[in-house]
Amino acid sequence: SIWNSPRTMIDQFAETFSGGFGPNQWVENPANSNWSYYTGAGNPAPCAQFSWTPTVTNYEHYLTSNHVISGVYAPVQMLKYDITLSNFGTSTVENLAVELFDGSAWVQLANHDNSGGNIPWTTFEVDISTYTDSDFQLRFKAWGPNSYNINQWWLDNIYVYSTEGSGYNPCVLG
């Protein structure tokens, strides 16, 4: 018989926005951006919201984790988050990018857009194992030519976790 060790998963960062932007010290840029803490939606509520109003053009509005997340040298490190889009129109392509600061530059991990209309609540996972041996930050960038063409992006349940990956590997800590 063969004994397989239990699978291990370590949460390195967790954000459900249950305490607003305060506990993980999210920073809006610009300071008067269209990002806000919103109790009327979520997966479940509350969540972070990027709203169309006030209308902004040729914009880049950021919601950045002030918290530096430490890599733990794990074989697999993942970013998991939920988004939804309530769309208004597709005459311009409005975007929500997911980015990671690796200590020297912001790297785009994913980009979502309104070209297909509404997006229901969807959970996305991105392999960020490349950054398992370094400290990093996360940010969400709402950007595009005219925010009037969306109603809002909603963002919730942001997690960074590490595992030992597939196959036998008894050490999640590298």
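Asks: How would you sum up the packing of aromatic side chains? Please name residues and give values.
Replies: What the rule picks out here adds up to 12 aromatic pairs. Judged by centre distance (5.9 Å) and plane angle (70 degrees), the ring pair of Phe17 and Phe21 falls under edge-to-face. The exposure class of Phe17 is buried, given its relative accessible area of 0%. Above the face of the Trp106 ring, Arg139 is positioned so that its terminal group lies 4.1 Å from the ring centre. Against the face of Trp143 rests Lys141, its NZ or CZ located 5.3 Å from the ring centre.

Asks: Just give me the short version of the pattern of salt bridges, but keep the residues and values in it.
Replies: Tallied over the entire structure, the rule returns two salt bridges. The salt bridge involving Arg139 is made with Glu99; its shortest N-O contact spans 2.4 Å. On the criterion of sequence distance, the pair formed by Arg139 in strand β11 (residues 135-146) and Glu99 in strand β8 (residues 95-101) is long-range, its members being 40 residues apart. The residues Arg139 and Glu99 share a single accessibility class, namely buried. With a shortest N-O distance of 3.5 Å, Glu99 and Lys141 are connected by a salt bridge.

Asks: Which residues make up a nonpolar patch on the surface, and what values do they have?
Replies: Residues Trp52, Phe88 and Tyr148 make up a contiguous nonpolar surface patch of about 310 Å² in total accessible area. With respect to the helices, strands and loops of the structure, Tyr148 is situated in the loop between β11 and β12 (150-163).

Asks: Account for the pairing of strand β4 (residues 47-51), with residues named and values stated.
Replies: Of all five residues in β4, five are buried; the element is thus mostly enclosed. Of the two faces of β4, the one lined by Cys47, Gln49 and Ser51 and the one lined by Ala48 and Phe50 are each fully buried. Note: strand β3 (residues 35-38) against β4, four bridges, orientation antiparallel. Along β4, the bridge assignment pairs Ser36 with Gln49. As defined by bridge partners, β4 adjoins β12 across four bridges and the pair is classed as antiparallel. Looking at β12, one finds that Ser51 is bridged to Gln152.

Asks: Quick rundown of the environment of Gly117? Include the residues and the values.
Replies: Along the chain, Gly117 falls in the loop between β9 (106-113) and β10 (119-127). When the C-alpha positions of Gly117 and Asn87 are compared, they lie 5.6 Å apart, and in sequence the two are 30 residues distant. The residues touching Gly117, leaving out its near neighbours within four places in the chain, are Leu85, Asn87 and Thr90.

Asks: Before we move on, can you summarise the nonpolar core with the specific residues and values?
Replies: Among the nonpolar cores identified, the biggest contains 32 residues, and Trp35, Leu79, Tyr81, Phe140, Leu155 and Ile158 are the most heavily contacted of them. Looking at this core, the elements with two or more residues in it are β4, β5 (57-65), β7 (76-87), β8, β10, β11 and β12. By residue number, the principal contributor to this core is β12, which donates five residues. Beyond its immediate sequence surroundings of up to four residues, Phe140 is in contact with Trp26, Trp35, His61, Tyr62, Leu63, Tyr81, Leu96, Ala97, Val98, Leu155 and Ile158.

Asks: Let's hear about unusual backbone geometry: which residues, and what values?
Replies: Glycine aside, the phi torsion of most residues is negative, and most peptide linkages are trans. Omega for the peptide link from Asn29 to Pro30 comes to 5 degrees, which places this bond in the cis form. Cis rather than trans, the peptide bond between Thr53 and Pro54 has omega equal to -5 degrees. You can see Pro54 is positioned in the loop between β4 and β5. Non-glycine residue Tyr73 carries a positive phi angle of around 60 degrees. Mapped onto the elements of the fold, Tyr73 is located in the loop between β6 (69-70) and β7. The phi dihedral of Asn157 is positive, around 50 degrees, even though this residue is not glycine. On the secondary structure map, Asn157 appears in strand β12. Take Asn157: its relative accessible area is 10%, and that puts it in the buried class.

What counts and how
- Residues numbered from 1 in each chain as written.
- Predicted model: local features only at pLDDT ≥ 70, side-chain atom pairs only at ≥ 80, totals over all residues.
- Heavy atoms only, no water.
- Phe/Tyr/Trp six-rings, centres within 6.5 Å; stacked < 30°, edge-to-face > 60°.
- Buried < 20%, exposed > 50% of the residue type's maximum accessible area, 1.4 Å probe, protein only.
- Lys NZ or Arg CZ within 6 Å of the ring centre and 35° of its normal.
- Salt bridge = Lys/Arg side-chain N within 4 Å of Asp/Glu carboxyl O.
- Helix = DSSP H or I, 4+ residues; strand = E, 2+ residues; numbered from the N terminus.
- Patch = residues over 30% accessible without salt bridge, like charges linked within 9 Å, V, L, I, M, F, W, Y side chains within 5 Å.
- Areas by Shrake-Rupley, 256 points an atom, 1.4 Å probe, with all protein chains shown as cover.
- Pairing = 2+ DSSP bridges.
- Contact = heavy atoms within 4.5 Å.
- Core = buried A, V, L, I, M, F, W, Y, C linked by side-chain atoms within 4.5 Å.

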